Amino acid sequence: RYSARASRGRCRALTAEPHRLAERIRDEVPRLERTILRSQARWERALRSTEDADAFLDSAALKLHGFYSALERIWELVATQVDESLPVGDGWHIVLLRLMAASVEGARPAVISETTAAELDEMRRFRHVVRNVYSDTLDRDRMRRVFGSIPQLWPRLKSELLVFADFLEALDNSST
């Protein structure tokens, strides 16, 4: 489901100052990178550690939670400022992810590719577990899959976010 306000071609909020959203995305990319690298480092340390493995697993999981949550905040801005429509209801997280992998005719291209969205969906589901389950029940095999995807996922995701920021800048430059 979506909020009551539907997208109407080029959105007023977007055409007003798209450079602000582009700037926000560009500002978030280095933070996202630091968070994902710190999460990976803790995961690798958990794999090598014999006595503090649980503490490093918990830390890695929480950092990954923060990473995905930061992505969602960016996508919420895109949904509200560009699409003028934010998903609501129980399944809004997955709807938001799918929206970011789709273009909105007359407003914007896809923010991320379908491939990236599919890989991020596993991270989204893992984040849900971290948020709603005790950390001592984290599934190491699931964590291994999520962390195993990051070396290929992050460079592609970073590039896609920056390409979308470029789109916003070009839109801003064409409206002046």
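Scroll up for the structure.
Residues numbered from 1 in each chain as written. Predicted model: local features only at pLDDT ≥ 70, side-chain atom pairs only at ≥ 80, totals over all residues. Heavy atoms only, no water.

### Section: the packing of aromatic side chains
And step 1. A complete count under the given rule lists four aromatic pairs for this structure.
And step 2. Centre to centre, the rings of Phe67 and Trp154 are 5.7 Å apart; their planes meet at 75 degrees, and the pair counts as edge-to-face. Highlighted residues: Phe67 in helix α3 (residues 53–83) and Trp154 in helix α6 (residues 140–174), separated in sequence by 87 residues. The two residues Phe67 and Trp154 agree in class, both being buried.
And step 3. Ring centres of Tyr68 and Trp75 lie 5.8 Å apart, and the angle between their planes is 80 degrees; on these two criteria the pair is classed as edge-to-face.
And step 4. By relative accessible area, Tyr68 is classed as buried at 0%.
And step 5. According to the relative accessible area criterion, Trp75 is buried, its value standing at 0%. (Phe/Tyr/Trp six-rings, centres within 6.5 Å; stacked < 30°, edge-to-face > 60°. Helix = DSSP H or I, 4+ residues; strand = E, 2+ residues; numbered from the N terminus. Buried < 20%, exposed > 50% of the residue type's maximum accessible area, 1.4 Å probe, protein only.)

### Some words on the nonpolar core
And step 1. Among the nonpolar cores identified, the biggest contains 51 residues, and Trp75, Ile112 and Leu120 are the most heavily contacted of them.
And step 2. At the level of elements, α2 (18–48), α3, α4 (92–100), α5 (114–132) and α6 are the ones that each hand at least two residues to this core.
And step 3. The biggest single contributor to this core is α3, with 14 residues.
And step 4. Setting aside its immediate chain neighbours within four residues, Trp75 contacts Tyr68, Leu96, Leu97, Met100, Val111, Ile112, Leu120 and Leu161. (Core = buried A, V, L, I, M, F, W, Y, C linked by side-chain atoms within 4.5 Å. Contact = heavy atoms within 4.5 Å.)

### Looking at the environment of Val78
And step 1. You can see Val78 is positioned in helix α3.
And step 2. By relative accessible area, Val78 is classed as buried at 0%.
And step 3. Between the alpha carbons of Val78 and Leu96 there is a distance of 9.9 Å; along the sequence they are 18 residues apart.
And step 4. Each residue touching Val78, except ones within four places of it in the same chain, is listed here: Leu21, Asp83, Met100, Arg108, Val111 and Phe164.

### Considerations on the packing of α3 against α4
And step 1. Packing of α3 against α4 leaves a shortest axis separation of 10 Å and a crossing angle of 70 degrees. As summarised for this structure, α3 and α4 are arranged roughly perpendicular, according to the angle between their axes. For the pair α3 and α4, the sense of crossing is left-handed. For the pair α3 and α4, contact is made by Tyr68, Glu72, Trp75, Glu76, Val78, Ala79 and Asp83 and by Trp92, His93, Leu96, Leu97 and Met100, respectively.
And step 2. Within the contact of α3 with α4, the residues separate by chemical class into eight nonpolar, one polar and three charged. (Axes fitted to C-alpha atoms, helices over the stretch in contact; angles between N-to-C directions. Parallel < 35°, antiparallel > 145°, perpendicular 65-115°, else oblique. Left-handed = near helix turned anticlockwise from the far one by under 90°. Nonpolar A, V, L, I, M, F, W, Y, C, P; charged D, E, K, R; others polar.)

### Some thoughts on the pattern of salt bridges
And step 1. Following the criterion strictly, the structure yields 16 salt bridges and no others.
And step 2. Arg26 is the partner of Glu169 in a salt bridge, and the nearest nitrogen-oxygen pair spans 3.4 Å. Placement of the pair is Glu169 in helix α6 and Arg26 in helix α2, with a sequence separation of 143 residues.
And step 3. Residue Glu169 is classed as partly exposed on the basis of its relative accessible area, which comes to 23%.
And step 4. When salt bridges with common partners are traced through the structure, they connect Asp121, Glu122, Arg124, Arg125, Arg142 and Arg145 into a single cluster. (Salt bridge = Lys/Arg side-chain N within 4 Å of Asp/Glu carboxyl O.)

Functional significance is not addressed by these values, which are geometric in nature.
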